[in-house]
Amino acid sequence: HVVTRPKKMTPYELQFEIIENMKRFYTLRNVFKINLRKRWRFKYRMGGRYLVNRWIEENKDYFDYLKNLNDG
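Remember, it's a predicted structure, so these values are computed and weren't measured experimentally. (Residues numbered from 1 in each chain as written. Predicted model: local features only at pLDDT ≥ 70, side-chain atom pairs only at ≥ 80, totals over all residues. Heavy atoms only, no water.)

Caption draft 1: Expanded view of the overall build of the chain. Along its length, the chain carries four helices and zero strands. Each helix and strand of the chain, placed in order from N terminus to C terminus, yields the pattern α-α-α-α. The dimensions of the chain, computed from C-alpha atoms along their principal axes, are 50 × 25 × 20 Å. Counted over contacts in the chain with a minimum sequence separation of 6, partners at least 24 positions apart contribute 46%. About 6,000 Å² of surface is accessible on the chain, with carbon and sulfur atoms providing 54% of the total. On the chain, the mean spot of the 17 positive side-chain charges and the mean spot of the 8 negative ones are 16 Å from each other. (Helix = DSSP H or I, 4+ residues; strand = E, 2+ residues; numbered from the N terminus. Contact = heavy atoms within 4.5 Å. Areas by Shrake-Rupley, 256 points an atom, 1.4 Å probe, with all protein chains shown as cover. Lys, Arg positive; Asp, Glu negative; His and termini not counted. Charge placed at Lys NZ, Arg CZ, Asp CG, Glu CD.)

Structure follows, in structure tokens:
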């Protein structure tokens, strides 16, 4: 969760960009690019992908709060 108010962007924009970058890092394409001999990396990347998607689902209210914070 964003816990600071950046000078050049809104807290919502910062949180959104963090999540977007995490989603890009954990894309299926990037997960499968890992050398299969390093299976532990594959497992961590798949786990990371799962956690990012779960975080997004569980924090929809937080996103709404940040968005409304900027409107007010």
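Picking up after the structure, the text goes on.
Caption draft 2: Geometry of the environment of Tyr44. With respect to the helices and strands, Tyr44 occurs in helix α3 (residues 39–58). Along the backbone, Tyr44 and Lys8 are 36 residues apart, and their C-alpha atoms lie at a distance of 33 Å.

Caption draft 3: How the structure looks around helix α1 (residues 11–25). End to end, α1 covers 21 Å across 15 residues, agreeing with the expected 21 Å (1.5 Å per residue, within 8%). Within the sequence span of α1, burial applies to Pro11, Tyr12, Gln15 and Ile19. Down the axis of α1, the buried side of the element spans an arc of 100°, and every buried residue falls inside it. (Expected span 1.5 Å × (residues − 1). Buried < 20%, exposed > 50% of the residue type's maximum accessible area, 1.4 Å probe, protein only. Arc of directions from axis to C-beta.)

Caption draft 4: Region of the structure containing the pattern of salt bridges. In total, this model carries two salt bridges according to the counting rule given. Here Lys23 makes a salt bridge to Glu20, at a shortest N to O gap of 3.2 Å. Note that Lys23 and Glu20 are positioned in helix α1 at a spacing of three residues, about one turn of the helix. According to the relative accessible area criterion, Lys23 is partly exposed, its value standing at 34%. For the salt bridge of Arg54 with Glu58, the shortest nitrogen-to-oxygen distance reads 2.8 Å. Here Arg54 pairs with Glu58, and both are found in helix α3, just four residues apart, close to one helical turn. Taking the relative accessible area as the measure of exposure, Arg54 reaches 39% and is therefore partly exposed. (Salt bridge = Lys/Arg side-chain N within 4 Å of Asp/Glu carboxyl O.)

Caption draft 5: Quick peek at the confidence of the model for the chain. For the chain, per-residue confidence averages 85 on the pLDDT scale, and residues scoring 70 or more make up 92% of the total. Confidence scores differ between elements of the chain, with helix α2 (residues 28–33) showing the lowest mean pLDDT of 80 and α1 the highest of 92. (pLDDT = per-residue confidence, 0-100.)

Caption draft 6: Quick peek at a nonpolar patch on the surface. On the surface, a cluster of nonpolar side chains totalling about 260 Å² of accessible area is made up of Leu28, Phe32 and Met46. For Phe32, the position within the fold is in helix α2. (Patch = residues over 30% accessible without salt bridge, like charges linked within 9 Å, V, L, I, M, F, W, Y side chains within 5 Å.)

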